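One letter stands for each residue in the lines below.
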Amino acid sequence: MKSTGIVRKIDNLGRIVLPSELRKKLNIEIKDAVEIYVSGDSIILKKYFPACVFCGEANDIISYRDKNICSNCLKEINDSDEEFIETL
Ligand SMILES: [Zn+2]
């Protein structure tokens, strides 16, 4: 992990501002979502890319009941559903 040398104070609502130069560098735009990770006593912020809950794939994501699923897994589920129905 590399230090940016940037020190920011948390305001009275628990917020910090991500410096614009850092946002630019990491392609984070206003209203983008960031995901919060914890590692030991560190907090890591990552630009949020919705990923498939089954395989972690980040392309072709469909959201269903607040879960993300990729088109490949969706197809596999649909196919196995048909196989399941055929056994009935
Ligand atoms: Zn998947």
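All values derive from a computational prediction rather than experimental measurement.

Conventions adopted
Residues numbered from 1 in each chain as written. Predicted model: local features only at pLDDT ≥ 70, side-chain atom pairs only at ≥ 80, totals over all residues. Helix = DSSP H or I, 4+ residues; strand = E, 2+ residues; numbered from the N terminus. Buried ≥ 20, exposed ≤ 12 C-beta atoms within 10 Å, placed from the backbone. Domains from an automatic or database assignment.

**What to know about the environment of serine 63**
- Looking at the secondary structure, you find serine 63 in strand S3 (residues 61–64).
- Classification of serine 63 as exposed rests on a count of 9 C-beta atoms within 10 Å.
- In this structure the C-alpha to C-alpha distance between serine 63 and proline 50, which are 13 residues apart in sequence, comes to 8.8 Å.

**Let's talk about the domain arrangement of the protein**
- Segmentation of the protein into domains returns domain 1 (1–48) and domain 2 (50–88).
- The distance between the C-alpha centroids of domain 1 and domain 2 comes to 32 Å.

**What to know about unusual backbone geometry**
- You will see that asparagine 27, though not glycine, has its phi angle at about 60°, which is positive.
- Asparagine 27 gets classed as exposed once you count the C-beta atoms within 10 Å, which come to 8.
- Positive phi, normally seen in glycine, also occurs at lysine 31, with a value near 80°.

**Points about the environment of arginine 65**
- Inspection of the secondary structure assignment puts arginine 65 in the loop between S3 and strand S4 (67–70).
- For arginine 65, a count of 5 C-beta atoms within 10 Å translates into the label exposed.
- Measuring from C-alpha to C-alpha, the distance between arginine 65 and serine 80 comes to 20 Å, with 15 residues separating the pair along the chain.

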